Amino acid sequence: MNAGPTSERVQQSLRRLIMERGYRPGSRLDPAELSAILASSTTPIREALSHLAGEGLVEARSGGGFLVPLIDEPGLKDLYAWSGDIIQLALRNVRSSLLRSIELDPDSSSGADRAAHLLHRIASASSNREHGEAMERTNARLHVARIGEEDILGDTGEELQALAHSARAGDIGLLRRTSSTYHLRRQRAAAKLLRGIYRDE
């Protein structure tokens, strides 16, 4: 069997497992345990863990082990602020034709996935590809908090609709303001969102 597809499958499966709170922040990630869960040998597991460490989704310890990074309130606020900063930077170099084609993803079953898809689309409308790639990495790290947004903030669908509407209208000023409001609300709710992440521990 070609190792490439196996490594890619393991990496995607492990990424989703962490994003969906399969392992809580601070949990040790044991390659042998993951090997059984993901039906893979330990070599692709270790490769995936190293790759995800480069994305900030996994923390590599000095002794060679891996764990899910702990999240604190200042760190979560910074992540939401960075997500907002990426949007603001992307809008400096935006391609209007791509912005106007943006819609909410009808296939996403969760608010967290819809938010990630929409923000990635907006960032990727920039002529600088780094903005889209930065948002993709940030989305992955924020996913554990976004899962609880609807419980803490209520129905977030209207906020996402407002973002999508601003993009389709091509109104950069409105989109900047809407994005700022969206991200600031989450920064202010960081403590409550964190309690949701750690609630069941």
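Let me begin by describing the structure that accompanies this report. (Residues numbered from 1 in each chain as written. Predicted model: local features only at pLDDT ≥ 70, side-chain atom pairs only at ≥ 80, totals over all residues. Heavy atoms only, no water.)

Observations concerning the nonpolar core
Grouped burial of nonpolar side chains is what soluble globular proteins tend to show.
Here is step 1: Leu99, Leu118 and Ile122 are the most contacted members of the largest nonpolar core, which totals 22 residues.
Here is step 2: Contributing elements (two or more residues each) for this core: α4 (73-90), α6 (111-124), α7 (129-146), α9 (157-169) and α10 (172-188).
Here is step 3: With five residues, the top contributor of residues to this core is α6.
Here is step 4: By size, the runner-up hydrophobic cluster in this structure holds 17 residues, among which are Tyr23, Ala48, Leu57 and Ala140. (Core = buried A, V, L, I, M, F, W, Y, C linked by side-chain atoms within 4.5 Å. Buried < 20%, exposed > 50% of the residue type's maximum accessible area, 1.4 Å probe, protein only. Helix = DSSP H or I, 4+ residues; strand = E, 2+ residues; numbered from the N terminus.)

Looking at the packing of α4 against helix α11 (residues 190-198)
Here is step 1: Where α4 contacts α11, the axes come no closer than 9 Å and their chain directions differ by 110°. Of the possible angle classes, the one that applies to α4 and α11 is roughly perpendicular. In this structure, the crossing between α4 and α11 has a hand that is right-handed. Facing Glu73, Leu76, Lys77 and Tyr80 of α4, the residues of α11 in contact are Ala190, Ala191, Leu193 and Leu194.
Here is step 2: When grouped by side-chain class, the residues that make up the contact of α4 with α11 number six nonpolar, no polar and two charged. (Axes fitted to C-alpha atoms, helices over the stretch in contact; angles between N-to-C directions. Parallel < 35°, antiparallel > 145°, perpendicular 65-115°, else oblique. Left-handed = near helix turned anticlockwise from the far one by under 90°. Contact = heavy atoms within 4.5 Å. Nonpolar A, V, L, I, M, F, W, Y, C, P; charged D, E, K, R; others polar.)

Observations concerning the environment of Leu79
Here is step 1: Positionally, Leu79 belongs in helix α4.
Here is step 2: Residue Leu79 is classed as buried on the basis of its relative accessible area of 12%.
Here is step 3: Along the primary structure Leu79 and Ile147 are separated by 68 residues, whereas in three dimensions their C-alpha atoms are 15 Å apart.
Here is step 4: Discounting chain neighbours no more than four positions away, the residues touching Leu79 are Thr138, Arg141 and Leu142.

Remarks on the pattern of salt bridges
Here is step 1: What the rule picks out here adds up to 11 salt bridges.
Here is step 2: Measuring nitrogen to oxygen at the nearest pair gives 2.7 Å for the salt bridge that ties Arg16 to Asp113. With Arg16 in helix α1 (residues 3-19) and Asp113 in helix α6, the pair connects residues that are 97 residues apart, well separated along the chain.
Here is step 3: Under the relative-accessibility criterion, Arg16 is labelled partly exposed at 33%.
Here is step 4: Notably, a salt bridge pairs Glu159 with Arg185, separated by 2.9 Å at the nearest N-O pair. Placement of the pair is Glu159 in helix α9 and Arg185 in helix α10, with a sequence separation of 26 residues. (Salt bridge = Lys/Arg side-chain N within 4 Å of Asp/Glu carboxyl O.)

Considerations on the environment of Ser13
Here is step 1: Tracing the backbone through its elements, the reader meets Ser13 in helix α1.
Here is step 2: Distance in space between the C-alpha atoms of Ser13 and Leu38 is 7.4 Å, their sequence separation being 25 residues.

Considering the side chain of His143
Here is step 1: Take His143: it is sitting in helix α7.
Here is step 2: The contacts of His143, once residues within four sequence positions are left out, are Arg16, Met19, Glu20, Ala112 and Asp113.

Remarks on the environment of Leu29
Here is step 1: Following the sequence through the fold, Leu29 ends up in the loop between α1 and α2 (31-37).
Here is step 2: A C-alpha to C-alpha distance of 45 Å links Leu29 and Ala169, two positions 140 residues apart in sequence.
Here is step 3: Residue contacts for Leu29: discarding those within four places in its chain leaves Ile18, Tyr23, Leu34, Leu49, Val58, Phe66, Leu67 and Val68.

Considerations on α10
Here is step 1: For α10, which comprises 17 residues, the first-to-last C-alpha distance of 24 Å matches the rise-based estimate of 24 Å (1.5 Å per residue) to within 8%.
Here is step 2: Turning to α10, its buried residues are Leu175, Thr178, Ser179, Tyr182, His183 and Arg186. Taken down its axis, α10 places every buried residue within 120° of arc, on the same side. What points out from α10, more than 90 degrees from its buried face, is the exposed set Arg177, Thr181 and Arg188.
Here is step 3: Capping the start of α10 is the job of one residue whose side-chain oxygen sits 3.3 Å from the backbone nitrogen of Gly173: Asp171. (Expected span 1.5 Å × (residues − 1). Arc of directions from axis to C-beta. Polar contact = N/O pair within 3.5 Å; in protein donor to acceptor, adjacent residues only side chain to side chain.)

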